[in-house]
Amino acid sequence: MLGLVYAYVKYVLLFLLLIMLIPVTALWSNTLRVNVLVTVKQADLDIGSWRVFVKYACDVCRGIEDGYVNLSEDKDTIYVYLDSIATKYVWVGLVIENSHEVPATLEDLQVSFTNSSGTYELSVDNYTIYAYEPIKEGVGNKPYWGELDCDDLPIQDYLTELPVVIDSGWKAVLWVKVDTHELSNGDLTLKLIYSTGSNST
């Protein structure tokens with residue numbers, strides 16, 4: 001008789017266990033909704049410092065005064081004012097800084113000239129970019145930034161082309177030679193073109 005009770009209890013417990021599992025499995029078989037907040041950080045490169053040399057049509061080459069150069073508020077664009085003296089070319093040196101939390105890829109520069117007649121985009125035939133390998137610190141001690149003269153440029157060991165990946169906390173130096181073809185009385189403008197991350201598009 002005890003064996004019969006034991007078998008009966010065993011089947012009843014198994015039946016109760018199955019009944020209890022049906023709502024549990026039904027609960028997990030429905031769609032599970034999860035609220036997730038994803039924050040995407042954008043790259044932001046800044047022009048940290050600059051140097052400009054102007055080669056005039058009369059073959060004099062000199063550094064340009066601070067009053068002739070301005071940065072945009074977001075530090076993505078530099079404006080170099082060319083006065084009434086005709087120029088052959090301009091060397092613009094830029095220290096590009098990534099002081100933000102994500103890597104950024106410097107893709108290119110947008111180069112233009114603006115005067116009273118309007119704004120003119122310069123083609124890549126009118127300028128050459130000499131980019132140097134990004135570094136963490138000590139830009140002033142590098143041969144491509146320290147004590148330079150107009151005739152020293154370009155300094156060797158530059159990268160062959162853009163893009164350049166600049167990690168967070170790193171800097172890269174660019175020297176840009178712009179053939180100005182006697183442009184005067186206007187602003188030579190160089191704007192950084194960059195993207196987030198380390199993959200160029």
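The structure presented is a predicted model; accordingly, all values stated were derived computationally and were not measured.

Enquirer: What exactly am I supposed to notice about the environment of Leu153 here?
Expert: Among the structural elements, Leu153 can be located in the loop between strand S8 (127–131) and strand S9 (164–166). Taking the C-alpha atoms as reference, Leu153 lies 9.9 Å from Phe53; in sequence the two are 100 residues apart. Excluding its chain neighbours within four sequence positions, the residues that come into contact with Leu153 are Phe53, Trp91, Leu148 and Trp175.

Enquirer: Where do I start with the nonpolar core in this structure?
Expert: Considering soluble globular proteins, one finds that nonpolar side chains tend to be buried as a cluster. Counting 35 residues, the largest nonpolar core has Val80, Ile96 and Leu188 as its most contacted members. Elements supplying a minimum of two residues to this core: strand S1 (46–56), strand S4 (77–82), strand S5 (87–97), strand S6 (104–115), S8, S9, strand S10 (171–179) and strand S11 (186–196). Among the elements that take part in this core, S6 stands out by supplying five residues, more than any other. Other than its neighbours up to four places away in sequence, Leu188 contacts Ile78, Tyr79, Val80, Leu82, Val90, Val111, Ser112, Phe113, Leu122 and Val178. Counting residues in each nonpolar core, the second largest holds 16 residues, with Phe53, Ile135, Leu148 and Val173 among its members.

Enquirer: Any chance you could explain unusual backbone geometry here in plain terms?
Expert: Across the chain, the bulk of peptide bonds are trans and the bulk of non-glycine residues have phi less than zero. Leu153 connects to Pro154 through a cis peptide bond whose omega is 0°. For Pro154, the position within the fold is in the loop between S8 and S9. Cis peptide bonds are those with omega within 30 degrees of zero, and the linkage from Leu162 to Pro163 qualifies with 15°. For Pro163, the position within the fold is in the loop between S8 and S9. With a phi close to 75°, Asp59 is a non-glycine residue in the positive phi region. For Asp59, the position within the fold is in the loop between S1 and strand S2 (61–63). A positive phi angle, close to 55°, is found at Asn185, a residue other than glycine. If you trace the backbone, Asn185 turns up in the loop between S10 and S11. Assessed through its relative accessible area of 42%, Asn185 is described here as partly exposed.

Conventions and cut-offs
- Residues numbered from 1 in each chain as written.
- Predicted model: local features only at pLDDT ≥ 70, side-chain atom pairs only at ≥ 80, totals over all residues.
- Heavy atoms only, no water.
- Helix = DSSP H or I, 4+ residues; strand = E, 2+ residues; numbered from the N terminus.
- Contact = heavy atoms within 4.5 Å.
- Core = buried A, V, L, I, M, F, W, Y, C linked by side-chain atoms within 4.5 Å.
- Buried < 20%, exposed > 50% of the residue type's maximum accessible area, 1.4 Å probe, protein only.

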